[in-house]
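Residues per chain, in single letters:
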Amino acid sequence: DVKVTQSSRYLVKRTGEKVFLECVQDMDHENMFWYRQDPGLGLRLIYFSYDVKMKEKGDIPEGYSVSREKKERFSLILESASTNQTSMYLCASTRQGAGNTEAFFGQGTRLTVV
Amino acid sequence: AQTVTQSQPEMSVQEAETVTLSCTYDTSENNYYLFWYKQPPSRQMILVIRQEAYKQQNATENRFSVNFQKAAKSFSLKISDSQLGDTAMYFCAFIDARGGGADGLTFGKGTHLIIQP
């Protein structure tokens, strides 16, 4: 059974903390993505990566960074968490080369910054 | 840049009824793919149906079908014989085929569908 796994389902952090959200996929997918989901705003792309050590900014990269040291792992980093980063974060992966391929999602991490 | 618009924030229908969720998109590309994803309360995103833009035939998956109007840039989802388990957020999504999937999906804001018993 294919799987995208996010390290935490719920997370509570303090303002100013450095936060790491981890995502691992076991499908040997080239492409990985981090989305942020907020009510009434849908899913917005934060960062994506099409290869190891490669990263591209999405639509809302401010306040975030990413790391992809291994093909299967894509980490989202909040350098200094702020309350406006309280949100649901979804990781996804796709196989490169076929745009119609299904995107597989993790179960989401609900992050609360207090 | 592409945009995806879902104009119905919330819909409610009775069980066994047919419901149609609307989606329009804007793109200058000719080769792309469209998707409907379902997100139940468990938060797990599930692919419902996909459509290749170069195919004129509308995609169907059991009780789910789409009405794809390429010229009008419209991609609606029809759910027949709705069931309580269809209660979920539904997202319409677009991907440009040029990048081979590397650029990620562009999502609409979602429609919260409630099936009433």
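For the structure, see preceding data.
Residues numbered from 1 in each chain as written. Chains lettered and ligands numbered in written order. Predicted model: local features only at pLDDT ≥ 70, side-chain atom pairs only at ≥ 80, totals over all residues. Heavy atoms only, no water.

Visitor: Account for the overall build of chain B, with residues named and values stated.
Guide: Scanning chain B for helices and strands turns up zero helices and twelve strands. Along chain B, helices (α) and strands (β) appear in the sequence β-β-β-β-β-β-β-β-β-β-β-β when read from the amino end. Against the globule reference of 13 Å for 117 residues, chain B gives a C-alpha radius of gyration of 14 Å, in line with a compact fold. Projected onto its principal axes, the C-alpha positions of chain B cover 45 × 30 × 20 Å. (Helix = DSSP H or I, 4+ residues; strand = E, 2+ residues; numbered from the N terminus. Rg over C-alpha atoms; globule rule 2.2 N^0.38 Å.)

Visitor: Mind laying out the overall build of chain A, listing which residues take part and the relevant values?
Guide: Looking only at helices and strands, one finds zero helices and eleven strands in chain A. Going from the N terminus to the C terminus, chain A shows its helices and strands as β-β-β-β-β-β-β-β-β-β-β. In terms of overall dimensions, chain A is globule-like: its C-alpha atoms have a radius of gyration of 13 Å, near the 13 Å expected for 114 residues. Viewed in the frame of its principal axes, chain A has a C-alpha envelope of about 40 × 30 × 25 Å. Sorting the 114 residues of chain A into buried and exposed places 49% on the buried side. Counting contacts in chain A only where the partners sit at least 6 residues apart, residues at least 24 apart contribute 55% of the total. In the structure as shown, chain A presents an accessible area of about 5,400 Å², 49% of it carried by carbon and sulfur atoms. Each charge class in chain A was averaged separately, 16 positive and 15 negative side chains, and the resulting centres sit 5 Å apart. (Buried < 20%, exposed > 50% of the residue type's maximum accessible area, 1.4 Å probe, protein only. Contact = heavy atoms within 4.5 Å. Areas by Shrake-Rupley, 256 points an atom, 1.4 Å probe, with all protein chains shown as cover. Lys, Arg positive; Asp, Glu negative; His and termini not counted. Charge placed at Lys NZ, Arg CZ, Asp CG, Glu CD.)

Visitor: Any details on the nonpolar core? Residues and values, ideally.
Guide: Residues and elements named next belong to chain B. Among the nonpolar cores identified, the biggest contains 26 residues, and L21, Y25, W36, F75, L77, Y90 and L113 are the most heavily contacted of them. Elements with a contribution of two residues or more to this core: β2 (10-14), β3 (19-21), β5 (32-39), β6 (46-52), β8 (64-69), β9 (74-79), β10 (88-96) and β12 (111-116). Ranked by residues supplied to this core, first place goes to β10 with four residues. Contacts of F75, omitting those with residues within four sequence positions, involve C23, Y25, L34, F35, W36, Q51, V66, N67, F68 and C92. (Core = buried A, V, L, I, M, F, W, Y, C linked by side-chain atoms within 4.5 Å.)

Visitor: Tell me what's going on with the interface of chain A and chain B, and back it up with residues and numbers.
Guide: Taken together, the contact pairs 31 residues of chain A with 23 residues of chain B. Between chain A and chain B the total buried area reaches about 2,100 Å² when both faces are included, carbon and sulfur atoms providing 49% of it. Inspection of the chain A/chain B interface yields eight residue pairs in polar contact (both at pLDDT 80 or more). Taken together, the elements giving at least two residues each to the side of chain A that touches chain B come down to β4 (31-38), β5 (42-49), β9 (87-94) and β11 (109-113) of chain A. For the side of chain A that touches chain B, the class distribution of residues is 13 nonpolar, 14 polar and four charged. (Buried area = accessible area lost by both parts, 1.4 Å probe. Polar contact = N/O pair within 3.5 Å; in protein donor to acceptor, adjacent residues only side chain to side chain. Nonpolar A, V, L, I, M, F, W, Y, C, P; charged D, E, K, R; others polar.)

Visitor: Account for the sheet that holds strand β3 (residues 19-25) of chain A, with residues named and values stated.
Guide: Residues and elements named next belong to chain A. Spatial strand order, β1-β3-β8-β7: four strands in an open sheet with antiparallel pairing. Both outer strands of the open sheet, β1 (4-6) and β7 (64-70), are each paired with one neighbouring strand and no more. Across the sheet, the mean angle separating the axes of adjacent strands is 20° when strand polarity is ignored. Note: β3 against strand β8 (residues 73-78), six bridges, orientation antiparallel. Residue V24 lies in a different strand from β8, and its bridge partner there is R73. (Pairing = 2+ DSSP bridges. Axes fitted to C-alpha atoms, helices over the stretch in contact; angles between N-to-C directions.)

Visitor: Can you break down the state of the cysteines residue by residue, with the values?
Guide: Applying the stated rule across the entire model yields two disulfides over all chains. What pairs with A:C23 in a disulfide is A:C91, and their sulfur atoms sit 1.9 Å apart. A torsion of -75° about the S-S bond marks the disulfide between A:C23 and A:C91 as left-handed. One end of the pair, A:C23, is in strand β3; the other, A:C91, is in strand β9, with 68 residues separating them in the sequence. In this model B:C23 forms its disulfide with B:C92; the gap between the sulfur atoms is 2.0 Å. Around the S-S axis, the bridge from B:C23 to B:C92 shows a dihedral of about -70° and counts as left-handed. You can see B:C23 sitting in the loop between β3 and β4 (24-26) and its partner B:C92 sitting in strand β10, a full 69 residues away along the chain. With respect to burial, B:C23 and B:C92 carry one shared label: buried. (Disulfide = S-S within 2.5 Å.)

Visitor: How would you explain the environment of B:Q14 if you had to name every residue and give the values?
Guide: Relative to the helices and strands, B:Q14 is located in strand β2. Sequence-distant contacts of B:Q14, that is, excluding residues within four places in its chain, are made with B:S82, B:I115, B:Q116 and B:P117.

Visitor: Account for the packing of aromatic side chains, naming residues and giving values.
Guide: All chains considered together, the criterion is met by 15 aromatic pairs over all chains. Considering the side-chain rings of A:F105 and B:Y37, the 5.5 Å spacing of their centres and the 75° angle between planes classify their relative orientation as edge-to-face. Here A:F105, found in strand β10 (residues 104-105), pairs with B:Y37, found in strand β5, and the two come from separate chains. The lysine or arginine in question, B:R43, covers the ring of A:Y10, its NZ or CZ lying 5.1 Å from the ring centre. (Phe/Tyr/Trp six-rings, centres within 6.5 Å; stacked < 30°, edge-to-face > 60°. Lys NZ or Arg CZ within 6 Å of the ring centre and 35° of its normal.)

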